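Remarks on the overall topology
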Amino acid sequence: MSLLWLPATLVVALASLTACLSTPRARPRLPARAGWLVGSGLLALAVALLAGGMGLAEAAAYAVSGLMVGVPAVSALLGWRHRQGQRDAG
């Protein structure tokens, strides 16, 4: 088995972060068009990395599943960080 799953995991994590930062309520915020284009490009890169060791459909399924896990996790961490900042400020 190829070790390309590790960089693919990091790329999916970055895609999750850009997806979360592209929403209207995000602080700091990426412009929606740029954020979603970068996130989609990163997801395509993750699929290409994973497709080296497995089929394309399986690689896409793994990458999208990772994104489905990553977006809520990143969103929760960003929300927690925001609430901590509000509590410290006042």
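Up top is the structure these notes are about.
So, a few notes on the structure that sits alongside this text.

**What about the overall build of the protein?**
- When helices and strands are tallied, the protein shows 3 helices and 0 strands.
- When the helices and strands of the protein are placed in sequence order, the string is α-α-α.
- Counting only C-alpha atoms and orienting by the principal axes, one finds that the protein spans roughly 50 × 25 × 15 Å.
- Split into buried and exposed, the 90 residues of the protein put 24% on the buried side.
- Sequence separation of at least 24 residues holds for 57% of the intrachain contacts in the protein that already meet a minimum separation of 6.

**Considerations on the environment of A13**
- Its location among the elements puts A13 in helix α1 (residues 5-21).
- Considering only alpha carbons, one finds A13 and V74, 61 residues apart in sequence, at a separation of 8.3 Å.

**A word on helix α2 (residues 32-50)**
- The end-to-end C-alpha separation of α2 is 27 Å, in line with the 27 Å expected for 19 residues at 1.5 Å each.
- Residues G35, G39, L42, L43, A46, V47 and L50 constitute the buried set of α2. Along the long axis of α2, the arc covered by the buried residues comes to 145°, so they all point the same way. The outward face of α2, more than 90 degrees from its buried face, is lined by the exposed residues R33, L37 and A48.
- The elements touched by buried residues of α2 are α1 and α3 (56-89).

**Some details on α1**
- Its 17 residues give α1 an end-to-end C-alpha distance of 24 Å, which sits within 8% of 24 Å, the value for a rise of 1.5 Å per residue.
- Along α1, the residues that are buried comprise A8, V11, V12, A15, S16, T18, A19, C20 and L21.
- Looking at the packing, one finds that the buried side of α1 touches α2 and α3.

**Let's talk about the packing of α1 against α3**
- Packing of α1 against α3 brings their axes to within 8 Å, and their N-to-C directions diverge by 50°. By the angle between their axes, α1 is oblique relative to α3. Considering the relative orientation of α1 and α3, their crossing is right-handed. In contact with V12, A15, S16, L17, A19, C20 and L21 of α1, α3 contributes A63, G66, L67, G70, V71, V74, S75 and L78.

**Things to note about the packing of α2 against α3**
- Running from amino to carboxyl end, α2 crosses α3 at an angle of 135°, the nearest separation of the two axes being 8 Å. Relative to α3, the element α2 is oriented oblique. In the crossing of α2 with α3, the sense of the turn from one axis to the other is right-handed. Residues L43, A46, V47 and L50 of α2 form the contact with α3, whose participating residues are L56, A59, A60, Y62, A63, V64 and L67.
- By residue class, the composition of the contact of α2 with α3 is 11 nonpolar, no polar and no charged.

About the criteria used
- Residues numbered from 1 in each chain as written.
- Predicted model: local features only at pLDDT ≥ 70, side-chain atom pairs only at ≥ 80, totals over all residues.
- Heavy atoms only, no water.
- Helix = DSSP H or I, 4+ residues; strand = E, 2+ residues; numbered from the N terminus.
- Buried < 20%, exposed > 50% of the residue type's maximum accessible area, 1.4 Å probe, protein only.
- Contact = heavy atoms within 4.5 Å.
- Expected span 1.5 Å × (residues − 1).
- Arc of directions from axis to C-beta.
- Axes fitted to C-alpha atoms, helices over the stretch in contact; angles between N-to-C directions.
- Parallel < 35°, antiparallel > 145°, perpendicular 65-115°, else oblique.
- Left-handed = near helix turned anticlockwise from the far one by under 90°.
- Nonpolar A, V, L, I, M, F, W, Y, C, P; charged D, E, K, R; others polar.

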